[in-house]
Amino acid sequence: MNGRKAWGLAAILGVAGLLIGGVLLSLDRDETAPGLVRYNAQYIDAGAMLRLTETLSSDALEGRATGTRGNQAARDFVQKRFETLSLRQFGETYVQPFAVISSDDGEAPISGANVVGWIAGQTPGEGPAIVITAHYDHLGVVDGAVYNGADDNASGTAALIAVAEYFTRHAPRHDIIFAAFDAEEIGHLGSRNLVRSPPVPLERIALNINYDMVSRSAAGELYVAGTFHTPGLKPLVELVATDAPVRILMGHDDPALGQADDWTLLSDHAAFHEAGIPFLYFGVEDHPGYHQPTDDYSDITPDFFARAGDALVIAAMAADDDLESIAEMRRAD
């Protein structure tokens, strides 16, 4: 959303390949810190999701700002996870680069890159599809302070991969595209690039499900925005709320709330909304770490995060089951 672990700290001073190697080593550990998660996740591997969040938000990646070596390391790691899960590619690679034009005079343009893969449904390449998204970039280093972005949005990236892993083991009815976006923090550039140059015809995309900040809530609340704009999605969210192991609340999508509380245009789902595609945006309310150097892994709420991970799978399953009806909602707009 716009707004520690140093396994690879020495490597950041060397070549990027060594950095990524150090990051990968951190994920080979099987242990999860005792007492952090009491909830027994039913759909996702909570330990793996937590470890990935910790890794992506380590000091070694220096805040993952677009165009930096830490951002590239995060992208390479996401790509490796897509490969490990055997997600399908569009073309010959998961990586879809795009230009980022600097707004500062004298600075050369930099490149961003999305990581995109997909899981086939019962009729691959045909019918309505879901696009599940999360951004992996963050703010980088500001005035010497590392903005690690554990909740924003290492958590959403790790959750996206956890949901993708579930669907590799339980094939969906419809094609599901998984997109890890770059450059969200500087204008939702990754998502806008995908909507401008979609991997499938845009009319096939029936729904965007976006994850941005899903790991830190002392109240145990996960908000879903999007039903104000597509009221036909309310029964689906209500059904999800009855089964989810976390409190699901609808809201933060009414323009009457004002810019601060209306999240309609505040993350990557905005590009889909502007293209007339229904969206469900899952996220927590702002907390003291939001866009601060205190958004560290040590301050997320692990048990809530594990519960939220299961809730995200439940929501994706429900959307997959009802996607023909959701596609009709889009055509009716």
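Here, every reference points to the structure presented above.
Predicted, not measured: the structure shown is a model, and the values here were computed from it.

(A) The arrangement of the overall build of the protein in detail. What the protein contains, in helices and strands, is nine helices and ten strands. Just so you have it, the protein exposes about 13200 Å², and 51% of that area is on carbon and sulfur atoms.

(B) Fine view of the sheet that holds strand 3 (residues 129–135). Taken in spatial order, the eight strands make up an open sheet running 1-2-6-3-7-10-8-9, and their pairing is mixed. Edge positions in the sheet fall to strand 1 (95–100) and strand 9 (247–250), since each has one partner strand and no second. Neighbouring strand axes in the sheet, compared pairwise and without regard to direction, differ in orientation by 20° on average. In terms of strand pairing, strand 7 (residues 205–211) meets strand 10 (residues 279–283) through four bridges, oriented parallel. Its bridge partner being in strand 10, Asn 208 is matched across the sheet by Phe 279. In the packing of helix 3 (residues 69–84) onto the sheet, contacts are made with strand 1, strand 2 (110–119) and strand 6 (176–181), and the angle to strand 2 comes to roughly 15°.

(C) Quick peek at the nonpolar core. Core analysis: the biggest nonpolar cluster contains 76 residues, and Phe 82, Ile 132, Val 163, Phe 178, Tyr 211, Leu 222 and Phe 282 have the highest contact counts within it. No other element matches the twelve residues that helix 8 (residues 302–321) contributes to this core. Aside from chain neighbours lying at most four places away, what touches Ile 132 is Leu 160, Val 163, Ile 176, Ile 177, Phe 178, Ala 179, Ile 209, Tyr 211 and Ala 316.

(D) Representation of the packing of helix 6 (residues 234–243) against helix 8. At a minimum axis distance of 10 Å, the contact between helix 6 and helix 8 shows a crossing angle of 140°. When the interaxial angle is binned, helix 6 and helix 8 end up oblique. In the crossing of helix 6 with helix 8, the sense of the turn from one axis to the other is right-handed. Where helix 6 approaches helix 8, its residues Leu 236, Val 240 and Asp 243 are matched on the opposing element by Ala 311, Ile 314, Ala 315, Ala 318 and Ala 319.

(E) Geometry of the pairing of strand 8 (residues 221–225). With five of five residues buried, strand 8 lies mostly within the body of the structure. Of the two faces of strand 8, the one lined by Glu 221, Tyr 223 and Ala 225 and the one lined by Leu 222 and Val 224 are each fully buried. Examined bridge by bridge, strand 8 and strand 9 share four bridges and lie parallel to one another. Along strand 9, the bridge assignment pairs Glu 221 with Arg 247. The β-α-β motif built from strand 8, the intervening helix 6 and the parallel element strand 9 has right-handed crossover chirality. As paired elements, strand 8 and strand 10 share three bridges and run antiparallel to each other. Counterpart to Ala 225 in the pairing with strand 10 is Tyr 281.

(F) Highlighting the packing of helix 2 (residues 46–56) against helix 4 (residues 150–169). Packing of helix 2 against helix 4 brings their axes to within 8 Å, and their N-to-C directions diverge by 140°. The orientation of helix 2 relative to helix 4 falls into the category oblique. Relative to helix 4, helix 2 is oriented so that their crossing is right-handed. For the pair formed by helix 2 and helix 4, the contact residues are Met 49, Leu 52, Thr 53 and Leu 56 on the first element and Ala 150, Ala 154, Ser 155, Thr 157, Ala 158, Ala 159, Ile 161 and Ala 162 on the second.

(G) Seen up close, the side chain of Asp 175. Within the secondary structure, Asp 175 is located in the loop between helix 4 and strand 6. Of the residues examined, Asp 175 reaches a relative accessible area of 3% and is grouped as buried. A polar atom in the side chain of Asp 175 sits 2.7 Å from the backbone nitrogen of Gly 121. Those residues in contact with Asp 175 that lie beyond four places of it in its chain are Trp 118, Ile 119, Ala 120, Gly 121, Thr 123, Pro 124, Gly 125, Glu 126, Pro 128, Ala 129, Ile 130 and Arg 204.

Reading the values: rules and limits
- Residues numbered from 1 in each chain as written.
- Predicted model: local features only at pLDDT ≥ 70, side-chain atom pairs only at ≥ 80, totals over all residues.
- Heavy atoms only, no water.
- Helix = DSSP H or I, 4+ residues; strand = E, 2+ residues; numbered from the N terminus.
- Areas by Shrake-Rupley, 256 points an atom, 1.4 Å probe, with all protein chains shown as cover.
- Pairing = 2+ DSSP bridges.
- Axes fitted to C-alpha atoms, helices over the stretch in contact; angles between N-to-C directions.
- Contact = heavy atoms within 4.5 Å.
- Core = buried A, V, L, I, M, F, W, Y, C linked by side-chain atoms within 4.5 Å.
- Buried < 20%, exposed > 50% of the residue type's maximum accessible area, 1.4 Å probe, protein only.
- Parallel < 35°, antiparallel > 145°, perpendicular 65-115°, else oblique.
- Left-handed = near helix turned anticlockwise from the far one by under 90°.
- Right-handed = clockwise from strand over helix to strand, strands pointing away.
- Polar contact = N/O pair within 3.5 Å; in protein donor to acceptor, adjacent residues only side chain to side chain.

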